[in-house]
Amino acid sequence: MTVGLEQYIAVSALLFAIGFFGVLRRKNTLVIYMCLELMLNACNLGLIAFSRFHGGMSGSVFVFFIITVAAAEVAVGLAIIVALFRKRQTVQVPELNALKN
Amino acid sequence: MTDIFFYIFAALTLGSALCVTLAKSPVNAAMFLITTFIGMASLFVLLEAYFLAVIQILVYAGAVVVLFLFIIMLLDVGEEKRVRTKLVTWIASFVGLALLIVGVVGITSSDNIQTQAEALPEAAGATLKNFGYELFTTYQLPMQVTGFLLLIAMIGVIVLSKRVKTD
């Protein structure tokens, strides 16, 4: 079977699901962030596949912007995690329960 | 030949992505993240998006993972205790996957979309020249906004990581 759009989109969907599973499963904020990156990457793959099979390049340009925004997001997110660690001395999600009850 | 490469790189990407979610130590997770990004960049090459493949390696494998490792080192995060995955996590994941599959099938079974590799148009986004042209003509405003976004992110990081004076 030749590889067409379906295979690429299937890989993209599976990767997104794996990232989602990781976000729900992990307790460490840093690893949750890594799984978020996986989900963003899954979107990138889908966009590039669509753009390739459509023939234009708007999808590729969009991926370029997504990569830029993801880099900025990681920088800010990690700064927030560091600030959180200074205040609470932990990065484990179950211990960050100030809003519970 | 391209098909074999596709399956190899797809397996590499998905396998190491699964390892990211399952690895006990955060450092191992970051290492598997690098492998995932490399597999992803290879898939981009197969889709003839060479510029984006290079950007993927530079920005993600180069900058983002190094930043992650730096923060892991700074916070001295140890190995995670063994946690049982809750049932609700499994259910939510599989429901999410099922919805995604419905979406994929819905999209690919549409008649309006060219899905086969035969009679594929020439890749327009392959060259760096095209990219630059598009970014500075059609996508001029988003380009400027992204620049401002990066500036704001930089200022935000500086403000966040400054120690608050308590007096």
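Residues numbered from 1 in each chain as written. Chains lettered and ligands numbered in written order. Predicted model: local features only at pLDDT ≥ 70, side-chain atom pairs only at ≥ 80, totals over all residues.

Draft legend 1. Geometry of the overall build of chain A. Of regular secondary structure, chain A possesses 3 helices and 0 strands. When the helices and strands of chain A are read in sequence order from the N terminus, they spell out α-α-α. Taken along the three principal axes of its C-alpha coordinates, chain A extends 50 × 25 × 20 Å. For chain A, the proportion of its 101 residues judged to be buried stands at 48%. The long-range share in chain A, meaning contacts at least 24 apart out of those at least 6 apart in sequence, stands at 46%. (Helix = DSSP H or I, 4+ residues; strand = E, 2+ residues; numbered from the N terminus. Buried ≥ 20, exposed ≤ 12 C-beta atoms within 10 Å, placed from the backbone. Contact = placed C-beta atoms within 7 Å.)

Draft legend 2. Up close: the domain arrangement of chain B. For chain B, the assigned domains read domain 1 (1–80) and domain 2 (127–167). On a C-alpha basis, the centroid separation for the pair domain 1 of chain B and domain 2 of chain B is 24 Å. (Domains from an automatic or database assignment.)

Draft legend 3. Main features of the UniProt feature "transmembrane region" (unreviewed entry) in chain A. UniProt records the feature "transmembrane region" (unreviewed entry) for residues 6–24, 31–50 and 62–85 of chain A in the present numbering. Helix makes up 100% of residues 62–85 of chain A and strand 0%. Its end C-alpha atoms lie 34 Å apart. (UniProt positions renumbered as here; feature names shortened; annotations may be inferred.)

Draft legend 4. View of the interface of chain A and chain B. Counting residues at the interface gives 60 residues for chain A, matched by 69 residues for chain B. Elements with a minimum of two residues in the side of chain A that touches chain B: α1 (5–25), α2 (29–54) and α3 (58–88) of chain A. For the side of chain A that touches chain B, the element with the highest residue contribution is α3(A), accounting for 20 residues. When its residues are assigned to classes, the side of chain A that touches chain B shows 43 nonpolar, 11 polar and 6 charged. (Nonpolar A, V, L, I, M, F, W, Y, C, P; charged D, E, K, R; others polar.)

Draft legend 5. The environment of A:T68, seen in detail. When you line up the elements, A:T68 lands in helix α3. Residues within four places of A:T68 in sequence aside, it is in contact with B:T146 and B:L150.

Draft legend 6. Broad picture of the UniProt feature "transmembrane region" (unreviewed entry) in chain B. All names here are of chain B. Mapped onto this structure's residue numbering, the UniProt feature "transmembrane region" (unreviewed entry) falls at residues 6–23, 30–51, 57–75, 87–107 and 141–160. Split by type, residues 30–51 is 86% helix and 0% strand. Its first and last C-alpha atoms lie 24 Å apart. For residues 57–75, the helix share is 100%, the strand share is 0%, and the end-to-end C-alpha distance is 26 Å.

Draft legend 7. Up close: the packing of helix α2 (residues 26–46) of chain B against helix α3 (residues 50–75) of chain B. Residues and elements named next belong to chain B. With their axes 8 Å apart at the nearest point, α2 and α3 run at an angle of 175 degrees to one another. With respect to their mutual orientation, α2 and α3 come out roughly antiparallel. Along its contact with α2, which presents P26, V27, A30, L33, I34, F37, I38, M40, A41, F44 and V45, the element α3 presents Y50, L52, A53, Q56, I57, Y60, A61, V65, F68, L69 and I72. Tallied by class, the residues present in the contact of α2 with α3 amount to 21 nonpolar, 1 polar and no charged. (Axes fitted to C-alpha atoms, helices over the stretch in contact; angles between N-to-C directions. Parallel < 35°, antiparallel > 145°, perpendicular 65-115°, else oblique.)

Draft legend 8. View of the nonpolar core. Ranked by size, the top nonpolar core spans 62 residues in total, and within it A:L30 and A:M34 carry the most contacts. Of all the secondary-structure elements, those providing two or more residues to this core are α1, α2 and α3 of chain A together with α1 (2–22), α2 and α3 of chain B. Among residues more than four places away in sequence, those in contact with A:L30 are A:I81, A:V91, B:P26, B:F68, B:I71, B:I72 and B:V77. (Core = buried A, V, L, I, M, F, W, Y, C linked by C-beta atoms within 7 Å.)

Draft legend 9. Unusual backbone geometry, seen in detail. Within the chain, A:Q89 stands out as a residue other than glycine whose phi angle is a positive 60 degrees. As for its position among the elements, A:Q89 is in the segment after α3. For A:Q89, a count of 9 C-beta atoms within 10 Å corresponds to the exposed category. With a phi angle near 65 degrees, B:E48 is a residue other than glycine that sits in the positive phi range. As for its placement among the helices and strands, B:E48 is situated in the loop between α2 and α3. C-beta crowding within 10 Å serves as the criterion here: with 17 such atoms nearby, B:E48 is assigned to the partly exposed category.

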